[in-house]
Amino acid sequence: MSFLFDPAAPVAVPIVGQPELFPVRRVYCVGRNYAAHAIEMGHDPDREPPFFFQKNPDNIHLSGGWPYPPGTSDVHHEIELVVALRSGGVDIPVSEALDHVFGYGVGLDMTRRDLQGEAKQLGRPWEVGKAFEHSAPMGGLTPSSRIGHPTSGAIWLEIDGQRRQEGDLGQLIWKVPETIAYLSGLFRLAPGDLIMTGTPSGVGPVSRGNVLRGHVDGLEDLIVNVV
Ligand code: MN
């Protein structure tokens, strides 16, 4: 078999402490999964059913300066716990969901907030706000075989050494096993899928020259230089 042109290289995320890379299949994102962030975005913090959107695997940004994207003047940081799946399926029960988790990482759901806001207002899809080049900076994945499955612990983001976002994984409205179970009722999950689990409050704009440091207790910090 031959291709008309060279297929795109597979996207893969480094694994902390081991040489293999984690090949990425899909990137799912959970919306409004911390009450304080739902409130800051003008929504009811009640436990409504979770909702999802996706980024493209090749939107993942692993190293080098983070290029400020085109078409916007209001790019926001959203610090998130990333869940990496080593297996999948459909209709996964909550009680078995964590068996499918390979590990965890720190990610940023970078958002062109002005374009997302416009899309919301007009009832249009969110891709222009969420799924652009480099929109998913990500640190190395730490296997759950080493750290277990964190259910609490600090999650924060600093810009130039100043704390901007702060929360605790214990504040997730939809916990990781529930999120996996719910998603698997909508999509066939598979090895290589990543789930960005939502952001705590304090989202805001970034500027060229900013250095972002994202942290989740027990995981490798994510450092992003906006250029
Ligand atoms: Mn988000």
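Here the structure is a predicted model, which is why all the values come from computation and not from measurement. (Residues numbered from 1 in each chain as written. Predicted model: local features only at pLDDT ≥ 70, side-chain atom pairs only at ≥ 80, totals over all residues. Heavy atoms only, no water.)

A. Quick look at the sheet that holds strand β14 (residues 194–196). Ordered in space as β4-β3-β14-β7-β8-β11, the six strands form an open sheet in which the pairing is mixed. Of all the strands in the sheet, just β4 (52–55) and β11 (142–143) have a single pairing partner and so form its edges. Of the strand pairs in this sheet, strand β3 (residues 27–30) and β4 are connected by four bridges, and their pairing is antiparallel. Looking at the pairing, Y28 lines up with Q54 of β4. (Pairing = 2+ DSSP bridges. Helix = DSSP H or I, 4+ residues; strand = E, 2+ residues; numbered from the N terminus.)

B. Up close: the coordination of the manganese ion. For the manganese ion, the full set of protein donor atoms is E78 (OE), E80 (OE) and D109 (OD), and the range of their distances to it is 2.0 to 2.1 Å. Sequence positions of the donors to the manganese ion reduce to the motif E-x1-E-x28-D. Of the two residues, E78 sits in the loop between β6 (75–77) and β7 (79–85) while D109 sits in the loop between β8 (101–108) and β9 (111–112), which places them 31 residues apart along the sequence. What makes D109 buried here is its relative accessible area of 0%. (Donors = N, O, S within 2.8 Å, 3.2 Å for Na, K, Ca; no water. Buried < 20%, exposed > 50% of the residue type's maximum accessible area, 1.4 Å probe, protein only.)

C. Representation of the environment of C29 within the structure. Tracing the chain through its elements places C29 in strand β3. Once the C-alpha coordinates of C29 and K55 are considered, the two residues, 26 residues apart in sequence, prove to be 7.4 Å apart. In this structure C29 touches F51, F52, F53, K55 and M196, once residues within four positions along its chain are discounted. (Contact = heavy atoms within 4.5 Å.)

D. Structural view of the nonpolar core. If you look at the biggest cluster of nonpolar residues, it comprises 36 residues, and the most contacted ones within it are I180, V206 and L212. For this core, the secondary structure elements donating two or more residues are β3, β7, β8, β12 (154–159), α6 (176–184), β16 (211–216) and β17 (222–225). Beyond its immediate stretch of four places on either side in the chain, L212 contacts H77, L108, M110, L157, E158, I159, V206, L222, I223, V224 and V226. Of all hydrophobic cores here, the second largest spans 19 residues; its members include C29, F102, W126 and A136. (Core = buried A, V, L, I, M, F, W, Y, C linked by side-chain atoms within 4.5 Å.)

E. How the structure looks around empty space enclosed by the protein. With the rule as written, the count across this model stands at one cavity of 30 Å³ or more. Of the pockets and cavities examined, the largest cavity occupies roughly 110 Å³. Around the largest cavity sit 17 residues that line it, and R32, H37, E78, Q116 and W126 are the ones nearest its centre. Per-element accounting of the lining of the largest cavity gives the leading share, three residues, to helix α3 (residues 113–122). Its residues assigned to classes, the lining of the largest cavity comprises five nonpolar, six polar and six charged. (1 Å grid on protein atoms, 1.4 Å probe; cavity = no way out; pocket = protein on both sides within 12 Å on 5 of 7 lines; lining within 4 Å. Points joined across faces, edges and corners; volume = space filled by probe spheres on them. Nonpolar A, V, L, I, M, F, W, Y, C, P; charged D, E, K, R; others polar.)

F. Expanded view of α6. Most of α6 is tucked away: seven of the nine residues are buried. For α6, the full list of buried residues reads V176, P177, T179, I180, A181, L183 and S184. In the core, the buried residues of α6 are packed alongside β3, β4, β7, α2 (94–97), β8 and β14.

G. Looking closely at the sheet that holds β16. Reading across the sheet, the four strands line up as β13-β12-β16-β17 and stay open at both edges, with antiparallel pairing between neighbours. Of all strands in the sheet, those bounded by a partner on one side alone are β13 (162–168) and β17. Between one strand and the next, the sheet's axes are offset by a mean angle of 10 degrees, whatever the strand orientation. Across four bridges, the pairing between β16 and β17 is antiparallel. Note that in β17 the partner of V211 across the bridge is N225. (Axes fitted to C-alpha atoms, helices over the stretch in contact; angles between N-to-C directions.)

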